[in-house]
Structures are given as C-alpha cells and as structure tokens.
Amino acid sequence: MEASSASTREVRLDGAPPNSTDHGDAPCPRPETRDRQRWGALITGWLALFVIGTDLFVVSPLLPIWRSRFDVSLRTAGLTVTVFALAYVVAAPAWGRRAVKVSPPAVLVLALSGFAVCNVLTALAPNFWTLLAARVGTGLFISGATATVFTLVASSAPNGRRASWLGIATSGLLSALWAGAPLGGLVARHTSWRAVFVILAAFAVLILVAARRIWPDTQAARAAAAPASRSAAWRARAVAPTACWAAAVYGLYTYLSAGLGDRPGWSTAWLNASLIVYGLCAVAATFLGGRIADRHGAARTTWTALLLLAAADVAFSASLSSAAVTTCLAIALLAFAAYTAFPAKQAQLVSDHPADSAQLMSWNQSAMYLGITLGSLAGGRIADGHFRALPLACAAVAILGATTQVSTVRRRTPAGHAADSDRW
C-alpha cells in the first residue's frame with residue numbers, strides 16, 4: 001500500500017480503479033482487455049519518447065551540416081542546442097499547470113501537435129534565425145510531451161510495477177541515442193537534413209492518433225489532474241535530487257569523449273567501444289533500476305544509486321591511470337549507477353504524490369535539463385586541463401543529491417510511515 005495519504009485520491013488514467021489488480025472486479029474491463037490497454041500504453045509511451053529523443057540527439061550530427069548550409073560558425077550553430085534546453089527548462093512547469101487545468105491526455109495531444117508543427121517549420125527554415133526560432137518552439141512543446149508521457153505511463157502501469165514501466169519508457173529515450181540519432185544522420189547524408197524533421201513530424205502525428213485511443217480525455221483523466229496545494233518551493237525541493245543527478249551525470253558525460261581522447265594509449269577504437277558500453281549499460285540500467293525500485297522502494301533506490309554513482313566516479317578517476325579495459329569497466333559501472341536512479345526517482349514522485357504527479361513530473365523534467373545545463377557549463381571549466389578532477393567533482397554533486405533525497409523524504413514523511421511505500 002502507498003504510504004502517502006494522497007494515494008486515497010488517486011484516479012488511474014487508464015480507466016481502472018486506483019487499487020485494482022490484474023484480477024479486477026466489475027465494472028472494470030475484463031483482465032485481458034486491461035492488459036492490452038496497458039501494453040498499448042507502454043508501447044505508445046516508448047515510441048513517443050524514442051521520437052522525442054531522436055529529435056533531441058540528432059542535432060549533434062546535423063550541426064556541421066547547418067554550419068555549412070547557413071554559413072555560421074560551429075559555436076553559433078550550437079545555439080540551437082542552448083535555446084532548446086533553455087526553452088525546455090522554462091516551459092516544463094507551465095505544462096504541469098496546464099495538465100491540472102485540463103488533463104494529461106489533452107496536454108499530450110496539444111504538445112505532440114506543436115512538436116509536429118515545429119518540426120515542419122524546422123524542415124522549411126530558409127535561414128539560420130528561422131531555424132533557431134523553430135528549435136525554441138520544439139523545446140517548448142517537447143517539455144510538455146515528455147513529462148506527460150511519463151505521467152501517463154505511470155498511471156497505466158499495473159500495481160507494483162510502476163517503476164519498472166517507467167524504466168522501460170525511459171529506455172525509449174535512451175535508445176534514440178544509439179539508434180535514432182545515427183539513423184537520422186544516415187537519412188541526412190543520403191537525402192536531406194530537412195527530410196529528418198519531416199519524418200519526425202509524421203511519426204509524431206501517428207503517435208498522437210494512437211495516444212488519443214490509448215488515453216482518451218475522459219472524466220477520470222480530468223479528475224486525476226485535480227490540483228494539489230503545493231508551493232513552488234516545495235516542488236523545487238522534491239525534484240532537487242534530479243537536478244543534482246543530471247549535473248553529476250552529464251557534467252562528466254559531455255566531456256567524456258574529449259577527456260578520454262587526450263589520454264595516452266587511447267585509440268579511436270577504444271573510445272568508440274567505451275561510448276557503446278556506456279549507452280548499452282545505460283539502457284540496461286533503466287530496466288534494472290525500475291525492478292529494484294519496485295522491490296525495495298523507490299526513494300531508497302534513488303539515494304542508494306546516487307551514492308553508488310559517487311563511488312563509480314571515484315573509481316573512474318582512479319582508472320584513468322590504468323589500462324583502457326579497466327577504464328571501460330569503470331564506465332560501465334558509471335552508466336549502471338547513473339541510470340538506475342532516474343526511473344526510481346520518477347516512480348517515487350508519482351507514488352508518494354499521485355494528486356500532484358502531473359506537475360511534479362513536469363518539474364522533474366525541468367530540474368533534469370537545468371542540471372544538464374549547469375553540469376555541462378561547470379564541467380567544461382574543470383575539464384579544460386584537469387579532466388581527472390572532473391569525476392571527483394561530479395561525485396561530490398552525486399553525494400549532495402543523495403543527501404537531498406534523504407532529507408526531502410524525511411521532511412515530508414509523517415512519523416511512523418514508510419518513507420516511500422517500500423511495499424506497493
């Protein structure tokens with residue numbers, strides 16, 4: 001059972017009662033029908049996040065093309081990433097408020113529609129400044145779509161498997177890193193970079209159609225979006241561990257290739273192998289993190305994974321003086337620790353505060369991008385000539401995140417209750 005008293009007000013967006021099991025009673029749909037609906041929700045959510053992630057990660061291989069096509073410097077072309085991230089950070093909480101006023105399914109339809117339109121505008125951009133404006137719009141709408149997909153997938157999950165399903169959905173976003181972005185780059189090289197965004201817009205429309213069938217804008221969905229009396233300061237404290245996690249993870253990952261490339265004895269083959277290892281372990285960890293959180297508690301899994309991330313950072317720093325294979329093993333440990341934490345933290349927010357889940361998931365996404373931005377900025381200063389010190393700095397941030405996670409859970413948990421509903 002969930003410890004939070006707010007859980008008694010939970011309304012599932014898939015139409016099932018909040019405490020229904022796979023053997024539901026009338027007037028619930030038949031078990032096989034509910035199972036099809038749930039798996040349809042998970043598959044739709046995975047595909048949505050894969051398309052969103054592809055839009056995000058495909059920009060990296062397209063930057064040299066944009067630099068040449070629009071006759072701008074690489075630094076100027078990189079502004080497309082900066083404005084996208086800033087738009088995401090600013091807009092995400094507003095999408096959460098919108099979900100409260102209407103419903104998460106309605107917000108998803110609006111966000112995916114805007115995402116499709118902005119991708120078409122990106123494809124049609126006649127000059128760099130139009131392209132930049134289109135990427136701002138894409139960031140604004142993606143911030144709403146991402147958080148809402150996570151909210152809807154969590155609401156559709158069977159009892160006791162919420163974190164596992166969030167982990168599977170997260171793997172869609174990460175799979176875009178090793179599959180979606182390379183495929184997009186391939187399309188750009190053999191046809192046109194504009195075709196990439198036309199294809200993404202088309203897939204967004206298809207997912208929108210599927211989402212309307214899977215998550216209809218029903219009375220139950222609107223009831224689930226009922227407002228909760230939480231202050232902005234309270235929500236900021238609740239998602240602060242995510243900001244620390246993102247800064248610790250991406251503060252190092254952003255400069256991983258450059259730092260390893262400068263190490264003596266590191267060939268291009270070893271560098272590529274280390275990045276592949278990192279990506280595959282990150283995807284595997286999202287599944288593992290969800291299962292561990294479902295079994296041992298989401299809050300406990302979050303702070304434990306953050307402490308393991310700090311230990312992995314220290315091990316990675318030490319491995320830089322060792323053989324390349326030892327460093328690759330340390331990188332694998334880094335990815336496993338890092339991406340075990342993320343689905344667990346999401347599940348904890350939804351589980352403990354179901355009445356405020358739509359807003360909290362939006363704030364959580366905003367915190368993640370804020371952490372990525374700050375981490376990459378600070379990491380660049382440290383990595384320039386002192387790469388070995390960078391993982392140690394990230395370890396300190398991860399410890400801060402674990403401490404914040406423990407303190408926020410204790411602050412909000414009444415005496416005598418489990419911290420994060422260790423048993424669902």
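The preceding data block contains the structure.
Cut-offs applied
Residue positions are given per chain, counted from 1 along the sequence in the order it is written. Where totals are concerned, whole chains, interfaces and linings use all residues; where local detail is concerned, this predicted model gives features only for residues with pLDDT of at least 70, and gives and counts side-chain atom pairs only at 80 or more. For the side-chain quantities, the full set of heavy atoms in the structure was used; hydrogens and water were omitted. Pairs of cysteine sulfur atoms within 2.5 Å are what we label disulfides. For the exposure calls, accessible area comes from a 1.4 Å probe over protein chains only, and a residue counts as buried if that area is under 20% of its type's maximum, exposed if over 50%, partly exposed in between. Put simply, a salt bridge is a Lys or Arg side-chain nitrogen that is within 4 Å of an Asp or Glu carboxyl oxygen. Labels follow the DSSP assignment, with helices taken as runs of H or I lasting at least four residues and strands as runs of E lasting at least two, numbered in each case from the N terminus. The criterion used for residue contact is that any of the two residues' heavy atoms lie within 4.5 Å. Buried residues of nine kinds, namely Ala, Val, Leu, Ile, Met, Phe, Trp, Tyr and Cys, make up a nonpolar core once their side-chain atoms join them within 4.5 Å. Angles run from 0 to 180 degrees between N-to-C directions of axes, and those axes are lines fitted to C-alpha atoms, restricted for helices to the stretch in contact. The labels follow the angle: roughly parallel below 35 degrees, roughly antiparallel above 145, roughly perpendicular from 65 to 115, and oblique for the rest. Here the term charged refers only to Asp, Glu, Lys and Arg, the term nonpolar to Ala, Val, Leu, Ile, Met, Phe, Trp, Tyr, Cys and Pro, and the term polar to all other amino acids, Gly among them. Here is the rule: rings of Phe, Tyr and Trp (six-membered ring for Trp) pair when centre to centre is within 6.5 Å. Planes less than 30 degrees apart are stacked, more than 60 are edge-to-face, and the remainder are tilted. An expected span of 1.5 Å times one less than the residue number is assigned to each helix. Here the bend at a residue means the angle between the axes of two seven-residue stretches, the one that ends at it and the one that starts at it.

A. Looking closely at the state of the cysteines. Applying the stated criterion across every chain, the model contains zero disulfides. Sulfur of Cys281: no disulfide; nearest cysteine sulfur belongs to Cys328 and is 10.0 Å away. You can call Cys281 buried: its relative accessible area is 12%. By relative accessible area, which is 8% here, Cys328 ends up buried.

B. Spotlight on the pattern of salt bridges. Applying the stated criterion across every chain yields a total of two salt bridges. Between Asp55 and Arg135 there is a salt bridge whose closest N-O contact spans 3.0 Å. With a gap of 80 residues between them, Asp55 in helix H1 (residues 31-57) and Arg135 in helix H6 (residues 128-156) connect regions that are remote in the sequence. Of the residues examined, Arg135 reaches a relative accessible area of 1% and is grouped as buried. Among the salt bridges present, the one from Arg235 reaches Asp356, with a minimum N-O distance of 3.0 Å.

C. Quick peek at the side chain of Ser164. Looking at the secondary structure, you find Ser164 in helix H7 (residues 162-190). Non-local contacts of Ser164, meaning those with residues more than four positions away in its chain, are made with Gly290, Arg291 and Asp294.

D. Representation of the nonpolar core within the structure. Counting 111 residues, the largest nonpolar core has Trp66, Phe197, Trp245, Leu309, Phe316 and Tyr339 as the members making the most contacts within it. Per-element tally for this core: the top contributor is helix H14 (residues 324-352), with 15 residues. Sequence-distant contacts of Trp245, that is, excluding residues within four places in its chain, are made with Tyr250, Leu306, Leu309, Ala338, Tyr339, Ala341, Phe342 and Met368.

E. How the structure looks around the packing of helix H4 (residues 79-101) against helix H15 (residues 357-383). Between H4 and H15, the least distance of the axes is 7 Å, while the angle of their chain directions is 170 degrees. By the angle between their axes, H4 is roughly antiparallel relative to H15. Counting all contacts with H4, which are made through Phe84, Ala85, Tyr88, Val89, Ala92, Pro93, Trp95, Gly96, Arg97, Ala99 and Val100, the residues of H15 involved are Ala358, Gln359, Ser362, Trp363, Gln365, Ser366, Tyr369, Leu370 and Thr373. In the contact of H4 with H15, the residues fall into 13 nonpolar, six polar and one charged.

F. Inspection of the packing of aromatic side chains at higher detail. According to the stated counting rule, one finds 18 aromatic pairs in the structure shown. Seen from their ring centres, Trp95 and Phe141 are 5.9 Å apart, and the 55 degrees between their planes marks the pair as tilted. Of the two residues, Trp95 is situated in helix H4 and Phe141 in helix H6; the sequence distance between them amounts to 46 residues. You can call Trp95 buried: its relative accessible area is 11%. The structure contains a cluster of three or more aromatic residues connected by ring pairs, namely Phe150, Trp245, Tyr250, Tyr253, Tyr278, Tyr339 and Phe342.

G. Fine view of H7. Relative to the 42 Å expected for 29 residues at 1.5 Å per residue, H7 spans 41 Å between its end C-alpha atoms, a close match to the ideal helical length. The largest bend along H7 reaches roughly 50 degrees and is located at Ala176. The element H7 is extensively covered by neighbouring structure, given that 21 of its 29 residues are classed as buried.

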